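A look at the structure
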Amino acid sequence: MSTIQAIILGLIQGITEFFPVSSSAHLKIVKLLFHLPSTKELLYFDLVCHVGSLGALVYFFRKELVQAYFNRKEFFYFSIALAPLVPIYFFFKPIRNFFSEDKWLGIFLMVTAVLLLLASFSYRRSQHKFKDVLLIGVMQSLALI
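These lines cover the structure that appears in this document, whether it is placed above or below. (Residues numbered from 1 in each chain as written. Predicted model: local features only at pLDDT ≥ 70, side-chain atom pairs only at ≥ 80, totals over all residues. Heavy atoms only, no water.)

Observations concerning the packing of helix 1 (residues 3-16) against helix 2 (residues 23-33)
Put simply, helix 1 and helix 2 touch, their axes get as near as 9 Å, and they point 155 degrees apart. Considered as vectors, helix 1 and helix 2 are oriented roughly antiparallel to each other. Considering how the two elements wind past one another, helix 1 and helix 2 form a crossing that is right-handed. Seen from helix 1, the contacting residues are I8, L9, I12, Q13 and T16; seen from helix 2, they are S23, H26, L27, V30 and K31. (Axes fitted to C-alpha atoms, helices over the stretch in contact; angles between N-to-C directions. Helix = DSSP H or I, 4+ residues; strand = E, 2+ residues; numbered from the N terminus. Parallel < 35°, antiparallel > 145°, perpendicular 65-115°, else oblique. Left-handed = near helix turned anticlockwise from the far one by under 90°. Contact = heavy atoms within 4.5 Å.)

Concerning the pattern of salt bridges
Enumeration over the complete set of coordinates arrives at three salt bridges. Put simply, E101 and K103 hold a salt bridge, and the shortest N to O gap is 3.7 Å. (Salt bridge = Lys/Arg side-chain N within 4 Å of Asp/Glu carboxyl O.)

Notes on helix 3 (residues 40-60)
An ideal rise of 1.5 Å per residue puts 30 Å on 21 residues; helix 3 measures up with 30 Å between its terminal C-alpha atoms. Taken residue by residue, helix 3 has L42, F45, D46, C49 and S53 as its buried positions. Viewed end-on, helix 3 has its buried residues packed into an arc of 100 degrees, placing them on one side of the element. Along helix 3, exposed side chains directed more than 90 degrees from the buried face belong to K40, E41, L43, L47, V48, L54 and Y59. In this structure, the buried residues of helix 3 make contact with helix 1 and helix 2. (Expected span 1.5 Å × (residues − 1). Buried < 20%, exposed > 50% of the residue type's maximum accessible area, 1.4 Å probe, protein only. Arc of directions from axis to C-beta.)

Have a look at this one:
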């Protein structure tokens, strides 16, 4: 991978991470356009890009994260949102690996677009925070696939 390609991939990760789209899918699309092979080094590059995004998010939301840590109710909701990640990550790994093939990329991006469109039409203020937080956690976990 050239330096220019690395910069472009880093910019795509940085920009798409903050939109309701798959930054990983967009990285994969650009890697396909650059004809970059799927190697362990590129996997590490993706990991570094995601860690950079995580670092930026932690820095930007540092006050809110500290407040949430000391607020038991918010910390509880945060934990509930993260709970579905563990079983889906580990138990659905074969499914995740199968659907990570390049041929599924466009289909899942279209499915995501339809889900986002439907969600934009069905926005409502909910009175059930626990269910909402759990639903968000499940949807984020399914996004791993």
